[in-house]
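Residue strings, one per chain:
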Amino acid sequence: MGGPVGEEELSLYDPALLLSLHFFDSPANFNPRISAAAPGEVWLKVRPLQTGDFHRGFLQILSQLTKVGDVSLTQFLNRFAQMRASGDYYVTVIVDTRYDKIIGSATLVLERKFIHGCATRGRLEDVVVDDTYRGKQLGKLIVVTVSLLAKELGCYKMSLDCKDKLIPFYKSIGYTLEPGNANTMNIRYEATTRSIGRNAAAAGNQPEDTEPS
């Protein structure tokens, strides 16, 4: 899939975690039955994000979900290193090994809380599967994988925001609407505002679908 990949690649988290997931614990109905360890086709592989995935189309698959921007290899590797060092990001991808190409992704983000006895909440973010691979249950597979990963890591709950049309899909795999808290609200910041804020701080510190796409 275009571009060199280094001999020694780092994974964002330990791949062995995916082998310990118990898919029978999920209410999701797979027909035929698949899992992260056996995704249904011999040429499919579910694994953590790796440093070489910049060249495997990881950013291109995210662009099917939202605007990515012009991200350089250096920026990608720096952000990868920050995520890996924090230990709170579990970006999981699906690879078509025939073409060495990323075709799906979902992210589990851990939120460390003081509430509930310093518990940890999981958040599901950036779920996307390449449109040309629909019909293989891959949207369901990637969501269930990171949801079970949150359970394996000791999260007391897993949260997500989704469009109204996707509510039936998430309900089918065990998610429920929280009464009285079914709306999502955001405040967005323009890129120019963020840049001004960063520059100022630096100066002061100098000495219709039924599954997610």
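What you are looking at is a predicted structure, and each value in this text was computed from that prediction instead of being measured.

Caption draft 1: Structural context of the nonpolar core. Of all hydrophobic cores here, the largest spans 52 residues; its most connected members are Phe58, Leu124, Val143 and Tyr170. Looking at this core, the elements that each hand over two or more residues are strand 1 (44-48), helix 2 (58-62), helix 3 (73-86), strand 2 (89-96), strand 3 (101-112), strand 4 (120-129), helix 5 (138-152) and helix 6 (167-172). In terms of residue count, helix 5 provides more of this core than any other element does, nine residues in total. Once you skip the residues sitting within four places of it in the chain, Phe58 turns out to touch Leu49, Asp53, Phe76, Val91, Val93, Ile102 and Ser105.

Caption draft 2: Region of interest: the pattern of salt bridges. In the structure shown here, the tally under the stated rule is 15 salt bridges. Here Lys136 and Glu41 are joined by a salt bridge, their closest N and O atoms 3.1 Å apart. Of this pair, Lys136 sits in the loop between strand 4 and helix 5 while Glu41 is found in the loop between helix 1 (16-19) and strand 1, placing the two residues 95 residues apart along the sequence. A relative accessible area of 31% places Glu41 in the partly exposed class. The closest approach of N and O atoms between Glu111 and Lys113, which form a salt bridge, is 3.2 Å. The exposure class assigned to Glu111 is partly exposed, which follows from its relative accessible area of 23%. Taking relative accessible area as the criterion, Lys113 reaches 25% and is therefore assigned partly exposed. Three or more residues joined by partner-sharing salt bridges are found here, namely Glu111, Lys113, Arg121, Arg123, Glu125 and Asp161.

Caption draft 3: The arrangement of the sheet that holds strand 1 in detail. Strand order in this open sheet of five strands is 1-2-3-4-5, and the pairing throughout is mixed. Edge positions in the sheet fall to strand 1 and strand 5 (157-159), since each of these pairs with one other strand and no more. Each neighbouring strand pair of the sheet contributes to a mean axis angle of 20°, computed without reference to strand direction. Pairing of strand 3 with strand 4, which is carried by eight bridges, proceeds in the antiparallel orientation. Within strand 4, the residue paired with Leu110 across the bridge is Gly122.

Caption draft 4: Seen up close, the packing of aromatic side chains. Using the criterion set out here, one finds eight aromatic pairs in the structure. Between Phe23 and Phe30, the aromatic rings sit 6.4 Å apart at their centres with planes inclined by 55°, giving tilted as the arrangement. Aromatic side chains Phe76 and Phe80 sit 6.4 Å apart centroid to centroid with 40° between the ring planes, which places their arrangement in the tilted category. With Phe76 and Phe80 both in helix 3 and four residues apart, this pair spans about one turn of that helix. Given a relative accessible area of 6%, Phe76 falls into the buried group. Given the relative accessible area of 4%, Phe80 is considered buried. Three or more aromatic residues link up through ring pairs in this structure, and these residues are Phe54, Phe58, Phe76 and Phe80. Over the ring of Trp43 we find Arg98; its NZ or CZ atom is 3.6 Å from the centre of that ring.

Caption draft 5: How the structure looks around helix 5. Taking 1.5 Å of rise per residue, the 15 residues of helix 5 would be expected to cover 21 Å, and the 21 Å separating its terminal C-alpha atoms lies within 8% of that figure. Of all 15 residues in helix 5, 13 are buried; the element is thus mostly enclosed. Gly154 lies just past helix 5 and shows a positive phi near 90°.

Calculation notes
Residues numbered from 1 in each chain as written. Predicted model: local features only at pLDDT ≥ 70, side-chain atom pairs only at ≥ 80, totals over all residues. Heavy atoms only, no water. Core = buried A, V, L, I, M, F, W, Y, C linked by side-chain atoms within 4.5 Å. Buried < 20%, exposed > 50% of the residue type's maximum accessible area, 1.4 Å probe, protein only. Helix = DSSP H or I, 4+ residues; strand = E, 2+ residues; numbered from the N terminus. Contact = heavy atoms within 4.5 Å. Salt bridge = Lys/Arg side-chain N within 4 Å of Asp/Glu carboxyl O. Pairing = 2+ DSSP bridges. Axes fitted to C-alpha atoms, helices over the stretch in contact; angles between N-to-C directions. Phe/Tyr/Trp six-rings, centres within 6.5 Å; stacked < 30°, edge-to-face > 60°. Lys NZ or Arg CZ within 6 Å of the ring centre and 35° of its normal. Expected span 1.5 Å × (residues − 1).

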